[in-house]
Amino acid sequence: MNSRKWINALFISVLAAVTLIVFYQILGYSFLYRVDDSWMVINKMTESGFTRPNIQHILTTVYYGQYSPINQLYYVLLFQIGRYDASWFHGGSLLFHMLNVIIVYRLIFLLLARNTDGRKSAFIAFFTALIFAIHPAQVESVAWISASKIVLGGFFYLAALLLYVQYTNPGAKGRILYLILSCLCTLLAMGCKEQFVTLPGALLLIDWLVLKRKMANWKIYIDKIPYIVIALGMTWITLQINNRSLSDIVNYSWTNRLVLGCYSLVYYVRTSIIPWDLTYFHGQLFKSEESPSIWLWLYVLVIPILAGIIYKLRKKPMALFSILFFVYHLLLVLHIIPLPRMITIADRYIYLSLIGSGLLISIGGVKLYGHIRTNWRKSLLLFMLFIYLSGLSFCTYHYTHTWKNTEAFKQNRLNFDLLLQHKSEQEKLE
């Protein structure tokens, strides 16, 4: 085994081990009753097995305003294996998060290796995947069974990106097979969660900033046709599903949506770097008939600040890719498009975006390390990095306790009551 393969094997092993250590305790957690688990997971579709009528029902049913047939079939599979033993469901979420961490490492490595030294690429990919693995904002997606559509759909989404990158390698054998498998993973990802319709745009970001393909070449867009067709189909279904709920409960003006979007973006940026004040239900920032306070308008300043940063980094493609990847994967939840949910922000929405922020932090850290000339300063930087990553791991390990059982979930009574109120209002629309 050459040195590159040895380093990759070592890094993948460490990533898998750290992810398991930080999240292993969720394997003993229970379902959460009176909230999503009691209807999203525990239902007749889950119990009816892989019969033809049930599969047909799952593929054609909008359930509580959501169309996620692949995720529901995943529940059916877990029920067939272990009935309603919550450890199987938690184990599935942990497994897919671990697989996602490994794919993130491989994806970032392949993207960087085309233009960067192999060893440096491996270190940047490792720290990116590590931040993605242990960040406290990931807890909601991994430890909450009803959020499994994010880790499951994320697996197919990331696999589609990885397969596409391999397809674009001129020297790869079976390139068409990579493209076909990538499109299949795209379909499965969007069948888990409508938010993954962003995939075609992510491919274009990779083409433009990482692979540096000529964007004026029409062949690039020919490659995207199957992805776009799948995305348009899922978008149409989502709009049909949400048409009534949008008109009934979300009526923000465009100016209010601007404030909500800027506030949400600032929250997600801050959370990606310093994750404090995480909670499973944030509620509304203000009601649709209200006007935002003058202080909330200050968040609009994030637009010129972000534009200035993007302009400053225009000649640094990987840094620019990191920022655009982060922001792009939040566009659907920044209230630019009205959301059929009475919430402002949700920690689970940042799941994929953390790849972008983690990549930016890792690139900056490795570059800073390379510029430092004295050993004691390098040691200080490594110590600070160790403290930061240890802090993330510690917070994640303890934050998972929120999802231990219904009683632990109810400890923050205000959030629990708001969540139940939100569910009640959602059910009235059904």
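1. As for unusual backbone geometry
Next up, step 1: Not every positive phi belongs to a glycine, and Arg 83 is a case in point at roughly 55°.
Next up, step 2: Topologically, Arg 83 is positioned in the loop between helix H5 (69–82) and helix H6 (86–113).
Next up, step 3: Look at Lys 212: it is not a glycine, yet its phi comes out positive at around 55°.
Next up, step 4: Structurally, the position occupied by Lys 212 is in the loop between helix H11 (199–210) and helix H12 (218–249).

2. Remarks on a positive patch on the surface
Next up, step 1: On the surface, a cluster of positive charge is contributed by Lys 312, Arg 314, Lys 315, Lys 316 and Lys 367.
Next up, step 2: Tracing the chain through its elements places Lys 312 in helix H14 (residues 302–312).
Next up, step 3: On the basis of relative accessibility, which here comes to 67%, the residue Lys 312 falls in the exposed class.

3. Some thoughts on the confidence of the model for the chain
Next up, step 1: Averaged over every residue, the pLDDT of the chain is 88; residues scoring 70 or more account for 91%.
Next up, step 2: Taken as a whole, residues 244–248 scores under 50 in pLDDT and shows 9 contacts with residues more than four places along the chain or in a different chain.

4. What about the state of the cysteines?
Next up, step 1: Counting across every chain of the model gives 0 disulfides.
Next up, step 2: The structure places no disulfide on Cys 192, whose sulfur is separated from the nearest cysteine sulfur, that of Cys 185, by 10 Å.
Next up, step 3: For Cys 192, a relative accessible area of 0% gives the class buried.

5. Here we look at the packing of helix H15 (residues 317–328) against helix H16 (residues 353–371)
Next up, step 1: One can describe the packing of H15 onto H16 by two numbers: an axis separation of 7 Å at closest approach and a directional angle of 155°. The orientation of H15 with respect to H16, classified from their angle, is roughly antiparallel. Judged by the sense of rotation from one axis to the other, the crossing of H15 with H16 is left-handed. Along its contact with H15, which presents Met 318, Ala 319, Phe 321, Ser 322, Ile 323, Phe 325 and Phe 326, the element H16 presents Ser 353, Ile 355, Gly 356, Ser 357, Leu 359, Leu 360 and Ile 363.
Next up, step 2: When its residues are assigned to classes, the contact of H15 with H16 shows 10 nonpolar, 4 polar and no charged.

6. Comments concerning the packing of aromatic side chains
Next up, step 1: Evaluation of the coordinates by the stated rule reveals 27 aromatic pairs.
Next up, step 2: Taking the centre distance of 5.9 Å and the plane angle of 55° together, the rings of Trp 39 and Tyr 63 count as tilted. Taken together, the positions of Trp 39 in helix H2 (residues 37–41) and Tyr 63 in the loop between helix H4 (52–60) and H5 put the pair 24 residues apart, joining distant regions of the chain.
Next up, step 3: Seen from their ring centres, Phe 132 and Tyr 351 are 5.0 Å apart, and the 70° between their planes marks the pair as edge-to-face. Of the two residues, Phe 132 is situated in helix H7 (residues 118–134) and Tyr 351 in the loop between H15 and H16; the sequence distance between them amounts to 219 residues.
Next up, step 4: Given a relative accessible area of 1%, Tyr 351 falls into the buried group.
Next up, step 5: One aromatic cluster in this structure is built from Phe 31, Tyr 33, Tyr 74, Tyr 75, Phe 79, Tyr 84, Phe 89, Phe 96, Phe 155 and Phe 156.
Next up, step 6: Over the face of the ring belonging to Tyr 167 we find Arg 175, whose NZ or CZ atom lies 4.7 Å from the ring centre.
Next up, step 7: A cation over an aromatic ring shows up here: Lys 378 above the ring of Tyr 369, its NZ or CZ 4.9 Å from the ring centre.

Conventions and cut-offs
Residues numbered from 1 in each chain as written. Predicted model: local features only at pLDDT ≥ 70, side-chain atom pairs only at ≥ 80, totals over all residues. Heavy atoms only, no water. Helix = DSSP H or I, 4+ residues; strand = E, 2+ residues; numbered from the N terminus. Patch = residues over 30% accessible without salt bridge, like charges linked within 9 Å, V, L, I, M, F, W, Y side chains within 5 Å. Areas by Shrake-Rupley, 256 points an atom, 1.4 Å probe, with all protein chains shown as cover. Salt bridge = Lys/Arg side-chain N within 4 Å of Asp/Glu carboxyl O. Lys, Arg positive; Asp, Glu negative; His and termini not counted. Charge placed at Lys NZ, Arg CZ, Asp CG, Glu CD. Buried < 20%, exposed > 50% of the residue type's maximum accessible area, 1.4 Å probe, protein only. pLDDT = per-residue confidence, 0-100. Contact = heavy atoms within 4.5 Å. Disulfide = S-S within 2.5 Å. Axes fitted to C-alpha atoms, helices over the stretch in contact; angles between N-to-C directions. Parallel < 35°, antiparallel > 145°, perpendicular 65-115°, else oblique. Left-handed = near helix turned anticlockwise from the far one by under 90°. Nonpolar A, V, L, I, M, F, W, Y, C, P; charged D, E, K, R; others polar. Phe/Tyr/Trp six-rings, centres within 6.5 Å; stacked < 30°, edge-to-face > 60°. Lys NZ or Arg CZ within 6 Å of the ring centre and 35° of its normal.

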